[in-house]
Amino acid sequence: MKKLWLPLGFIGLLVLLGVGLTLNPRQVPSPLIGKAAPPFELPRLDQPAKTFTQKEMLGDVWVLNVWASWCPPCLAEHPVVTELAKSVPVVGLNYKDAREDALPWLARNGNPYQLTVYDGNGRIAIDYGVYGVPETYVIDRKGVIRYKHIGPLTPEDAQKKVVPLVKELRGG
Amino acid sequence: MARSLALFLLFILPSSAAWAASDLDKRTAALAEELRCLVCQNQTLAESNAPLAVDLRKEMREQLAKGASEREVREFMVARYGDFVLYKPPFKASTAALWLGPFALLLAGAVLLVRRVRRRRDAEPALSAADHERAAKLLE
């Protein structure tokens, strides 16, 4: 019986470390879930003279998608965002980009966004705790963040998490 | 008088401004030392050159310059990125295993060691006087 302790402890440690390996260290739980979406008033990407604030989306369930033309994973998830935008309004937040790069990027790859705001110095993205573009937030009718996805959305992420959550939030 | 005033303006004022700036830099650096960069997760914000780390150092410096305390800046960071940004996370239910785990393992190791040493000592064969004599002869 006593002899069992050591191998048991070792196996326990192996299981612990093994589980650790399957977790993604980049997926840090956001403290913003369940909190009001940080307020912003930013110029639009396409019309710098016009501003947009998150308040305009109150009453709607919507998705905020942080992207940049210099970010290859953003291009990778773009078809998924395009598909998603057919069922829920998606607002883009163009992160630390140049307008002369971002606008042709949209022209080239299609523009699924209801509109995109321009966060040239990334200050608003700091308020949203952005650290790995692309990032995607689901925000409810009252303006509360309900879900955050870090990194490119896969079709599974969109179908299994975002779409059902949007449905649920709309129903409630 | 005018000359000393000119001297004052020339040397003392700029150097005190520079001193204030370097003090601000020091405080920013000290704070950045204890915060994790989320882009390069095993580096502190002070070490990392990721663009986000540069932005966050700038943001922290601006807040300190506006009179925010270290504690307020730390809270600003935690509100956005969670306890994960702190190299010294606070002790609470979700971090208990993190703080106590190493001590629990150390204690378990100590208990195992003590038990093993005791068992070995108990198992040591008792030597008779004749055995001692024989051993002494062999060692001569």
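Residues numbered from 1 in each chain as written. Chains lettered and ligands numbered in written order. Predicted model: local features only at pLDDT ≥ 70, side-chain atom pairs only at ≥ 80, totals over all residues. Heavy atoms only, no water.

Visitor: I tried to follow the overall build of chain B on my own but got confused; where do I start?
Guide: Counting secondary structure elements, chain B contains five helices and zero strands. Order of helices (α) and strands (β) in chain B, N terminus to C terminus: α-α-α-α-α. For chain B, buried positions account for 23% of its 140 residues. Taking all contacts inside chain B whose residues are at least 6 apart in sequence as the whole, residues at least 24 apart take part in 46%. (Helix = DSSP H or I, 4+ residues; strand = E, 2+ residues; numbered from the N terminus. Buried < 20%, exposed > 50% of the residue type's maximum accessible area, 1.4 Å probe, protein only. Contact = heavy atoms within 4.5 Å.)

Visitor: What is the right way to read the layout of surface pockets from this model?
Guide: Over the atoms rolls a probe the size of a water molecule, and its path tells where empty space is left. Approximately 500 Å³ is the volume attributed to the largest pocket. Forming the walls of the largest pocket are Leu16, Leu17, Val19, Gly20 and Leu23 of chain A together with Arg36, Phe84, Pro89, Ser94, Thr95, Ala97 and Leu98 of chain B. Among the elements of the structure, helix H1 (5–22) of chain A together with helix H4 (96–123) of chain B are those that each provide at least two residues to the lining of the largest pocket. The element best represented in the lining of the largest pocket is H1 of chain A, accounting for four residues. Of the residues assigned to the lining of the largest pocket, the class counts are eight nonpolar, three polar and one charged. Its boundaries defined by the atoms lining it, the second largest pocket holds a volume of some 310 Å³. Those elements giving two or more residues to the lining of the second largest pocket turn out to be H1 of chain A together with H4 of chain B. Partitioning the lining of the second largest pocket into residue classes produces eight nonpolar, two polar and one charged. (1 Å grid on protein atoms, 1.4 Å probe; cavity = no way out; pocket = protein on both sides within 12 Å on 5 of 7 lines; lining within 4 Å. Points joined across faces, edges and corners; volume = space filled by probe spheres on them. Nonpolar A, V, L, I, M, F, W, Y, C, P; charged D, E, K, R; others polar.)

Visitor: I'm lost on the packing of aromatic side chains in this one. Help?
Guide: Each aromatic ring pair is described using two quantities: the centre-to-centre distance and the angle formed by the ring planes. Residue and element names in this part refer to chain A. Scanning the entire structure with this criterion turns up six aromatic pairs over all chains. Between Trp67 and Tyr113 the ring centres are 5.8 Å apart and the planes differ by 5°, which places this aromatic pair in the stacked class. Highlighted residues: Trp67 in strand E3 (residues 62–67) and Tyr113 in the loop between helix H3 (99–109) and strand E5 (115–119), separated in sequence by 46 residues. Judged by its relative accessible area of 0%, Trp67 is buried. For Tyr113, a relative accessible area of 7% gives the class buried. Relative to Tyr95, the ring of Trp70 lies with its centre 6.2 Å away and its plane at 50°, an arrangement referred to as tilted. Residue Trp70 is located in the loop between E3 and helix H2 (72–84), and its partner Tyr95 is located in strand E4 (residues 90–95); the two are separated by 25 residues in the primary sequence. Residue placement shows Arg99 over the ring face of Tyr118; its charged tip is 4.1 Å from the ring centre. (Phe/Tyr/Trp six-rings, centres within 6.5 Å; stacked < 30°, edge-to-face > 60°. Lys NZ or Arg CZ within 6 Å of the ring centre and 35° of its normal.)

Visitor: Would you mind going over a positive patch on the surface with me for this structure?
Guide: Together, Lys3 of chain A together with Arg115, Arg116, Arg119 and Arg120 of chain B line one region of the surface with positive charge. Take Arg115 of chain B: it is sitting in helix H4. (Patch = residues over 30% accessible without salt bridge, like charges linked within 9 Å, V, L, I, M, F, W, Y side chains within 5 Å. Areas by Shrake-Rupley, 256 points an atom, 1.4 Å probe, with all protein chains shown as cover. Salt bridge = Lys/Arg side-chain N within 4 Å of Asp/Glu carboxyl O. Lys, Arg positive; Asp, Glu negative; His and termini not counted. Charge placed at Lys NZ, Arg CZ, Asp CG, Glu CD.)

Visitor: Any chance you could explain the packing of helix H2 (residues 51–65) of chain B against helix H3 (residues 70–81) of chain B here in plain terms?
Guide: A pair of packed helices is characterised by two quantities: the angle between their axes and the separation of those axes. Residues and elements named next belong to chain B. Between H2 and H3, the least distance of the axes is 9 Å, while the angle of their chain directions is 140°. Relative to H3, the element H2 is oriented oblique. Judged by the twist between their axes, the crossing of H2 over H3 is right-handed. Taken together, the residues of H3 that come into contact with H2 (itself represented by Leu52, Leu56, Glu59, Met60, Gln63 and Leu64) are Glu70, Val73, Phe76, Met77 and Tyr81. (Axes fitted to C-alpha atoms, helices over the stretch in contact; angles between N-to-C directions. Parallel < 35°, antiparallel > 145°, perpendicular 65-115°, else oblique. Left-handed = near helix turned anticlockwise from the far one by under 90°.)

Visitor: Any chance you could explain the sheet that holds E5 of chain A here in plain terms?
Guide: In sheet architecture, strand pairing relies on hydrogen bonds along the backbone and comes in two forms, parallel and antiparallel. Residues and elements named next belong to chain A. On the basis of which strands lie adjacent, the open sheet formed by five strands has the order E5-E4-E3-E6-E7 and mixed pairing. Whereas interior strands pair on both sides, the edge strands pair on one side only; in this sheet they are E5 and strand E7 (145–150). Across the sheet, the axes of successive neighbouring strands diverge by a mean angle of 20°, strand direction being ignored. Inspection of the sheet shows E3 paired to E4 by five bridges, in the parallel sense. The residue bridging Asn65 from the neighbouring strand is Gly92, located in E4. Lying on the sheet, helix H5 (residues 155–171) is in contact with E3, strand E6 (135–139) and E7; it crosses E7 at an angle near 170°. (Pairing = 2+ DSSP bridges.)

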